[in-house]
Each structure stands twice: as C-alpha cells, then as structure tokens.
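Tertiary structure, described
Chain by chain, the residues run as shown.
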Amino acid sequence: MSDERHAAANSILGTSGVGRVRVDSSASDRASRAWWDADADDYHRTHGEFLGVNSAEGEFVWCPEGLHEGDHHLLGDIVDKDILEVGCGSAPCARWLAGHGARAVGLDISMGMLARGQDAMNAGGPAVPLIQASAELLPFADESFDIVCSAFGAVPFVADSQRVMNEVARVLRPGGSWVFAVNHPIRWIFPDDPGPKGLTATLPYFDRTPYVEVDDNGVPTYVEHHRTIGDRVREIVAAGLQVRDIIEPEWPEWLDREWGQWSPLRGQLFPGTAIFSAVKP
C-alpha cells in the first residue's frame, strides 16, 4: 500500500514500516480513521471520476471491474426501501440510491471522506444523511433497514468482521438483504502489484495475520485484514443470515484501467473481487 499513490497520507502519518501483526478493534479503527482522513484527497483524485464521486447523482460502482448496480441489480428493488451503506466513503453509492427512489443513509469511520460527500451534496443532487461511526457498532435501532450494502467499505478494514455481520443482521428487517464487496481472498497470496510481479504467489492463503503499516513508534497507520472465502461464509451464517450468492466479477474486455493491484493482466487470470449476497430469514 505504501507508494506514490498515497504519498500525502504516508507523509502526514509518518508511515515508515510494514509488517504482519495482530491488531485489535480500537487500534484498527484508529488507523483506518486517520488513514482515510489523510488519503481522501489523493483517493478522490485517482478514483473519483471512475466512481462518479463528482457527478450530480453519484454512481454505484461495486468494484474495480466496473460492475454497476444500475446494470446488475444486486440489491433488487430499491424503490421506497430503507438502505444503509456501510463504509460509504464520500457516499456516491448512497447518493445514487437516493436518486433512484431509496431512502439511503451513509456511514463511514472517516470524517475526511464524509466531508467530500457533503461537498458533493452541497453542489446539488440527492442528499443523504451521513454518519461517522465504526462498522463494528452501528448506531441504529434493531430492524431499521430493508437493505444493507458495502462496496469495498469497512469489512476488509475491521479487526472483528464477525461483529460487523452480527450488527448488520441486527439492524436488518426480516427478509432484508446484506450485500458487500471485498478484495477477493485469493488476492492475499499475491504481491500488491498490477504487473508481472503480481502473478507469483508468495503468501499463505490461510495466514489471517493483518497487513499493517506503522510509523517510527510502531503505531499502526494502515491496517487491512484477511479472511478466506470459508471464513466469510461462516461469519454470515453465524450472524443468522443465509448466503444467496458469491459473485466473482470477470474482468471486462472494455476496461484497460489499473486500480492499485487491479489490472487487465491480473484480471484475465484470477478474480480481484468477491461480492457476498445474503438475506435475513
């Protein structure tokens, strides 16, 4: 993760080292809040156009493979539905949902990212409530939402993802859906490189030790957590939800864009994204 794409965040936070160490929920949340605050400008400069951050109504792009909710309808009927987006960033997805008939709410741990979403709403288009909170403790009453979704938000960055699943199950109404996209777990075994070096497996798939960047004092500045496909399914089931599908988007022929470790080269060989779809009985 530490490279020129994130130079500002690395400089602000004093990132100086990389390792694999256990990190608890409070340290992980603290690192994610600081990282995304510091990286917000660079992130939007790099990915904002692709994600539709600055468009009047936002966009709902699930993943670097370009899967759009308007084309694939992974959430089903959204009209007049109460929808929570967990890890919304600057909320282009939540704003797109609101513009297409949903009552959407965006939640993120980073005020820097939420501020970018507020700026976009101030410029026009549909407005949604934005809330700063950790995904491990959702500040909503039981059975508040018909749908909960997350497009690469929160789930890979929390220490206790089982708690996130439990919280989502709690705030969902019976019959409600939980759909979330994460880095495909198989990516964990490859270097974070879009080129030929990223085609050689170097890390154990079954090692769940987080990837952590630290400052000179050893304080985490960026944390990303790994779970296997089986781990994710067991977490969903343990929360009382039922798995409906696991979508592994193929790399589209039209897309020649690199996004971090995502690239046409790698995308033609193995999946980069896994989208889990579940329902509350």
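Our subject is the structure listed above.
This write-up is about the structure you can find in this document. Just so it is clear, the model here is predicted, and its values are computed rather than measured. (Residues numbered from 1 in each chain as written. Predicted model: local features only at pLDDT ≥ 70, side-chain atom pairs only at ≥ 80, totals over all residues. Heavy atoms only, no water.)

Okay, helix α2 (residues 25-51) next. If you check α2, its first and last C-alpha atoms are just 28 Å apart, much less than what 27 residues at 1.5 Å a residue would give, namely 39 Å. Note on α2: the residue one or two positions beyond its end, G52, has a positive phi of about 70 degrees. (Helix = DSSP H or I, 4+ residues; strand = E, 2+ residues; numbered from the N terminus. Expected span 1.5 Å × (residues − 1).)

With that settled, the discussion passes to the nonpolar core. Judged by nonpolar contacts, the single largest core of 28 residues is most densely connected at L84, V148 and W178. At the level of secondary structure, the elements contributing two or more residues to this core comprise β2 (82-86), β3 (103-108), β5 (145-151), α6 (161-171), β6 (172-183) and β10 (273-279). Not counting residues within four places of it along the chain, the set of residues in contact with V148 comprises L84, V86, V168, V171, L172, S177, W178 and V179. With 26 residues, the next largest nonpolar core counts A94, A104, V179 and A181 among its residues. (Core = buried A, V, L, I, M, F, W, Y, C linked by side-chain atoms within 4.5 Å. Buried < 20%, exposed > 50% of the residue type's maximum accessible area, 1.4 Å probe, protein only. Contact = heavy atoms within 4.5 Å.)

Within the secondary structure, E258 sits in the loop between β9 (242-247) and α8 (264-267). Separated by 64 residues in the primary sequence, E258 and P194 place their C-alpha atoms 7.2 Å from one another. With sequence-adjacent residues up to four places away left out, E258 is seen in contact with P194, S263 and P264.

What follows deals with the state of the cysteines. A complete count under the given rule lists zero disulfides for this structure. You can see C63 has no disulfide; the closest cysteine sulfur is in C93, sitting 10 Å from it. The thiol of C93 is unpaired, and the distance to the nearest cysteine sulfur, on C149, comes to 6.8 Å. Since its relative accessible area comes to 5%, C93 is described here as buried. (Disulfide = S-S within 2.5 Å.)

On the surface, L199, L265 and L269 cluster together to form a nonpolar patch covering roughly 250 Å² of accessible area. Positionally, L199 belongs in the loop between β6 and β7 (211-214). (Patch = residues over 30% accessible without salt bridge, like charges linked within 9 Å, V, L, I, M, F, W, Y side chains within 5 Å. Areas by Shrake-Rupley, 256 points an atom, 1.4 Å probe, with all protein chains shown as cover. Salt bridge = Lys/Arg side-chain N within 4 Å of Asp/Glu carboxyl O.)

Moving on, we get to the side chain of R266. Relative to the helices and strands, R266 is located in helix α8. Of the side chains with opposite charge, D192 lies nearest to the buried R266, which makes no salt bridge, at 5.2 Å. Of the polar contacts made by the side chain of R266, one reaches the backbone oxygen of P191; its length is 3.2 Å. At a separation of 2.9 Å, a polar atom in the side chain of R266 contacts the main-chain carbonyl oxygen of G198. (Lys, Arg positive; Asp, Glu negative; His and termini not counted. Polar contact = N/O pair within 3.5 Å; in protein donor to acceptor, adjacent residues only side chain to side chain.)

Before going further, it helps to spend a moment on the sheet that holds β9. What the seven strands build is an open sheet, ordered β4-β3-β2-β5-β6-β10-β9; its pairing is mixed. Since the sheet does not close on itself, it has two edges, and those belong to β4 (130-132) and β9, each with one partner. Averaged over all pairs of adjacent strands, the angle between their axes in this sheet comes to 15 degrees, without regard to strand direction. The sheet contact formed by β2 and β5 spans three bridges and is parallel. Residue pairing across strands places E85 opposite C149, the latter belonging to β5. This element, helix α7 (residues 229-238), spans β6, β9 and β10 of the sheet and lies at about 20 degrees to β10. (Pairing = 2+ DSSP bridges. Axes fitted to C-alpha atoms, helices over the stretch in contact; angles between N-to-C directions.)

What follows is about the pairing of β10. The element β10 is extensively covered by neighbouring structure, given that seven of its seven residues are classed as buried. Side chains T273, I275, S277 and V279 project from β10 onto one buried face, and the interleaved A274, F276 and A278 project onto a second face that is buried too. In terms of strand pairing, β6 meets β10 through seven bridges, oriented antiparallel. Each bridged residue has a counterpart across the sheet, and for V182 the counterpart in β10 is A274. In terms of strand pairing, β9 meets β10 through five bridges, oriented antiparallel. Counterpart to D245 in the pairing with β10 is S277.

What follows deals with the pattern of salt bridges. A side chain of one charge can pair with a side chain of the opposite charge if their charged atoms are brought near each other. Enumeration according to the criterion identifies 14 salt bridges in this entry. A salt bridge links E167 to R170, with the shortest nitrogen-to-oxygen separation between them at 2.9 Å. One end of the pair is E167 and the other is R170, both in helix α6 and three residues apart, which spans about a single turn. We classify E167 as buried; its relative accessible area is 11%. Residue D231 is joined to R234 by a salt bridge in which the shortest nitrogen-to-oxygen separation is 3.0 Å. Of this pair, D231 and R234 both sit in helix α7, separated by three residues, roughly a single helical turn. Note on R234: relative accessible area 51%, which makes it exposed. A network of salt bridges, in which partner residues are shared, links D80, D82, R103, D146 and R173.

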